[in-house]
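Inside the fold
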Amino acid sequence: MKKTIFFFFQRTKIKASSFFFLGILIVFLGWPIIGMIAELYGFILLFGGFLPNAVYYIRRLPGLNIVLNLPGISSSYEQEEEDHYGPGYEVGSYTKDYNDGPYDGESDLNVNSNPEGKPRILLMGLRRSGKSSIQKVVFHKMSPNETLFLESTNKIVKDEISNSSFVQFQIWDFPGQVDFFDSNFDCEMIFGGCGALVFVIDAQDDYIDALMKLNLTVTRAYKVNPNIRFEVFIHKVDGLSDDHKIEAQRDIHQRANDELMEEGFDSVNLSFYLTSIYDHSIFEAFSKVVQKLIPQLPTLENLLNIFVSNSGIEKAFLFDVVSKIYIATDSSPVDMQSYELCCDMIDVVVDISCIYGTKDADGAAFDHQSLSLIKLNNSTILYLREVNRFLALVCILREDHFARQGLIDYNFVCFRNAIQEVFEVRMQVQQASHNANTGVGELIQPLNSVALKE
Ligand SMILES: Nc1nc2c(ncn2[C@@H]2O[C@H](COP(=O)(O)OP(=O)(O)OP(=O)(O)O)[C@@H](O)[C@H]2O)c(=O)[nH]1
């Protein structure tokens with residue numbers, strides 16, 4: 001109900017809602033034709049943004065897709081889609097509508113500036129491949145089902161991930177119809193300061209066009225900035241069987257690399273991930289993307305290895321609590337189940353401490369002294385400790401190893417202090433080079449600026 005009211009009465013939709021409701025009123029007052037015209041106009045203004053979504057789903061319905069793909073019919077609705085998207089887009093602009101959608105977004109976007117030169121992650125791919133959904137689900141806690149109502153992006157949407165999170169960067173969500181040959185598209189500016197380019201391919205759709213676009217994107221970007229990391233999300237795999245997933249990944253991997261080799265881009269390295277917003281795979285993939293941009297990653301991993309081996313722990317993840325992406329883990333292999341368990345534990349702890357925790361000034365869900373344990377019925381224990389306001393260490397260990405809890409607690413305090421030292425050193429280096437600012441900032445906010453509690 002709240003979301004419906006929000007949808008109709010947001011500032012940008014006032015005109016549309018006025019026509020819609022005024023039309024209803026006029027019908028009741030006895031002028032049905034005038035009323036219905038006004039109502040229809042309001043309806044188109046309100047819901048026109050969902051048109052591409054509707055067309056996209058109708059095209060997938062058996063039977064209807066054949067009719068819609070007939071020559072003449074297909075060209076008419078494709079033209080309509082084009083009209084909806086508009087002929088171009090503005091670099092550096094932001095659809096205000098977009099962040100006012102029917103979800104409880106939390107961030108206050110600073111879209112037109114990049115004052116601290118934060119690292120940039122670009123989200124690219126064909127229309128309806130799922131770019132905006134990924135961003136909203138991972139960083140704005142939108143539920144996957146709500147993404148069905150996302151309007152198409154028709155301008156570059158910049159999202160600053162920094163207010164409530166430990167990892168700091170900008171995500172630029174590109175419209176699907178981005179055209180590199182358009183004079184508005186400033187390749188130097190867009191790819192120049194970019195850390196990673198995430199290219200999203202809809203695995204449920206025919207991906208030949210997507211592969212062509214991937215090739216074009218990668219070659220353009222690589223020419224401008226050879227340091228960009230190219231990450232390919234083979235997305236929406238929730239609709240595929242296990243065999244189909246593996247086959248799609250193999251095929252996409254091979255075709256993409258073959259095309260790059262043919263064009264002489266042998267040194268370009270693409271990483272592939274199977275993702276879906278309906279499970280944790282998208283969080284895991286984004287964790288890996290973000291980790292590659294953290295300069296302190298090897299140190300963090302080393303610290304985790306030392307902690308794990310001295311405490312009898314099987315697996316440990318250092319989580320960014322807000323986004324639930326893990327910024328580091330020990331060197332043992334990550335299996336999806338352990339990661340999901342740890343994510344779920346964060347949810348449980350945050351929920352319980354919101355309900356029962358004390359309401360301190362900054363409203364933190366848990367503090368540096370709190371310790372959370374969950375005993376599973378397979379003699380495994382989940383152990384969670386806060387490293388700072390934004391970071392939590394979540395470990396999985398056998399119940400018999402937990403007999404030495406004192407040792408684990410002690411090692412954790414050493415681990416936390418070590419992490420603090422790492423970032424203090426980093427902070428000093430940063431301050432020393434502050435005057436000679438290179439333009440590419442730090443992905444991680446220094447610990448002493450994120451209110452670490454001693
Ligand atoms: N089954 C499934 N559907 C998904 C997934 N991710 C996104 N979608 C759906 O795909 C549709 C398109 O998603 P968007 O995020 O709007 O796609 P986009 O790439 O931002 O599209 P443009 O803004 O037009 O470029 C939506 O209806 C989503 O619900 C997924 O992992 N699985």
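Refer to the structure printed above.
Residues numbered from 1 in each chain as written. Predicted model: local features only at pLDDT ≥ 70, side-chain atom pairs only at ≥ 80, totals over all residues. Heavy atoms only, no water.

With 16 residues, helix H3 (residues 32-47) extends 21 Å between its outermost C-alpha atoms, agreeing within 8% with the 22 Å of an ideal straight helix rising 1.5 Å per residue. Gly35, Ala38, Gly42 and Leu46 are the residues of H3 that are buried. Across the axial projection of H3, the buried residues extend over an arc of 75°, all falling on one side. The outward face of H3, more than 90 degrees from its buried face, is lined by the exposed residues Ile33, Met36, Ile37, Leu40 and Ile44. (Helix = DSSP H or I, 4+ residues; strand = E, 2+ residues; numbered from the N terminus. Expected span 1.5 Å × (residues − 1). Buried < 20%, exposed > 50% of the residue type's maximum accessible area, 1.4 Å probe, protein only. Arc of directions from axis to C-beta.)

Going through the model one piece at a time under the given rule, you end up with 16 aromatic pairs. Taken together, a centroid distance of 5.9 Å and an interplanar angle of 85° make the contact between Tyr222 and Phe265 edge-to-face. Residue Tyr222 is located in helix H9 (residues 208-224), and its partner Phe265 is located in the loop between helix H10 (242-262) and strand S6 (270-274); the two are separated by 43 residues in the primary sequence. Here the aromatic residues Phe139, Phe169, Phe233, Tyr273 and Phe286 are joined through ring pairs into a cluster of three or more. One residue, Lys324, lies across the ring of Phe283, its end atom 5.5 Å from the ring centre. (Phe/Tyr/Trp six-rings, centres within 6.5 Å; stacked < 30°, edge-to-face > 60°. Lys NZ or Arg CZ within 6 Å of the ring centre and 35° of its normal.)

Time to look at the pattern of salt bridges. The final tally for this structure, using the stated rule, is 9 salt bridges. When the shortest N-O distance is used, the salt bridge between Arg255 and Asp251 registers 3.1 Å. Of this pair, Arg255 and Asp251 both sit in helix H10, separated by 4 residues, roughly a single helical turn. (Salt bridge = Lys/Arg side-chain N within 4 Å of Asp/Glu carboxyl O.)

One key point about sheets: their strands pair by backbone hydrogen bonds, in either a parallel or an antiparallel sense. Here we have 6 strands laid out as an open sheet, ordered S2-S3-S1-S4-S5-S6, and mixed in their pairing. Single-partner strands in this sheet number two, and they are strand S2 (157-161) and S6. On average, each strand axis in the sheet is tilted by 20° relative to the strand beside it, whichever way the strands run. Bridge count between strand S1 (residues 120-125) and strand S4 (residues 194-202): 6 bridges; the pairing is parallel. (Pairing = 2+ DSSP bridges. Axes fitted to C-alpha atoms, helices over the stretch in contact; angles between N-to-C directions.)

One way to put it is that H9 packs onto H10 with a least axis distance of 10 Å and a crossing angle of 45°. Overall, the two elements H9 and H10 adopt an arrangement that is oblique. For the element pair H9 and H10, the recorded crossing hand is right-handed. Residue-level contacts link Ile208, Leu211, Leu214, Asn215, Val218 and Thr219 of H9 to Ile252, Arg255, Ala256, Glu259 and Leu260 of H10. Classifying every residue of the contact of H9 with H10 gives 7 nonpolar, 2 polar and 2 charged. (Parallel < 35°, antiparallel > 145°, perpendicular 65-115°, else oblique. Left-handed = near helix turned anticlockwise from the far one by under 90°. Contact = heavy atoms within 4.5 Å. Nonpolar A, V, L, I, M, F, W, Y, C, P; charged D, E, K, R; others polar.)

Moving on to the site of the ligand. Inspection of the region around the ligand gives 24 residues, with Lys131, Ser132, Ser133, Thr153 and Asp238 positioned closest. A distance of 2.9 Å is found between a nitrogen atom of the ligand and a side-chain nitrogen or oxygen belonging to His235. Between the ligand and the protein, one listed contact pairs an oxygen atom with a backbone N or O atom of Ile277 at 2.9 Å. Coverage of the ligand by the protein amounts to 97% of the 650 Å² it exposes when considered alone. (Near = heavy atom within 4 Å. Polar contact = N/O pair within 3.5 Å; in protein donor to acceptor, adjacent residues only side chain to side chain. Areas by Shrake-Rupley, 256 points an atom, 1.4 Å probe, with all protein chains shown as cover.)

Ordered by their spatial adjacency, 5 strands build an open sheet running S8-S7-S11-S10-S9, and the pairing between neighbours is antiparallel. Each having just a single partner strand, strand S8 (325-329) and strand S9 (371-375) make up the two edges of the open sheet. When the angles between neighbouring strand axes are averaged without regard to direction, this sheet yields 25°. Direction of pairing for strand S7 (residues 315-320) relative to S8: antiparallel, over a ladder of 4 bridges. In the strand pairing of S8, Phe317 is matched with Thr329. Packing against the sheet, helix H12 (residues 297-311) makes contact with S7, S8 and strand S11 (391-398), and its axis sits at approximately 70° to S8.

One non-glycine residue, Arg128, lies in positive phi territory at about 60°. Topologically, Arg128 is positioned in the loop between S1 and helix H7 (131-140). Of note in the backbone geometry, Ser379 takes a positive phi value of approximately 60° without being a glycine. For Ser379, the location among the structural elements is in the loop between S9 and strand S10 (380-386). Note on Ser379: relative accessible area 34%, which makes it partly exposed.

A word on helix H2 (residues 14-29). With 16 residues, H2 should cover 22 Å at 1.5 Å per step; its first-to-last C-alpha distance of 22 Å lies within 8% of that length. Inspection of H2 places Ala16, Ser17, Phe20, Gly23 and Ile26 among the buried residues, and these make up the whole buried set.

A few words on the pairing of S4. Among the 9 residues of S4, 9 are classified as buried, and the element is accordingly described as predominantly covered. With 7 bridges joining them, S4 and strand S5 (residues 229-235) adopt parallel strand pairing. Bridging across to S5, Asp202 finds its partner in His235. The parallel pair S4 and S5 is bridged by H9, and the resulting crossover is right-handed. (Right-handed = clockwise from strand over helix to strand, strands pointing away.)

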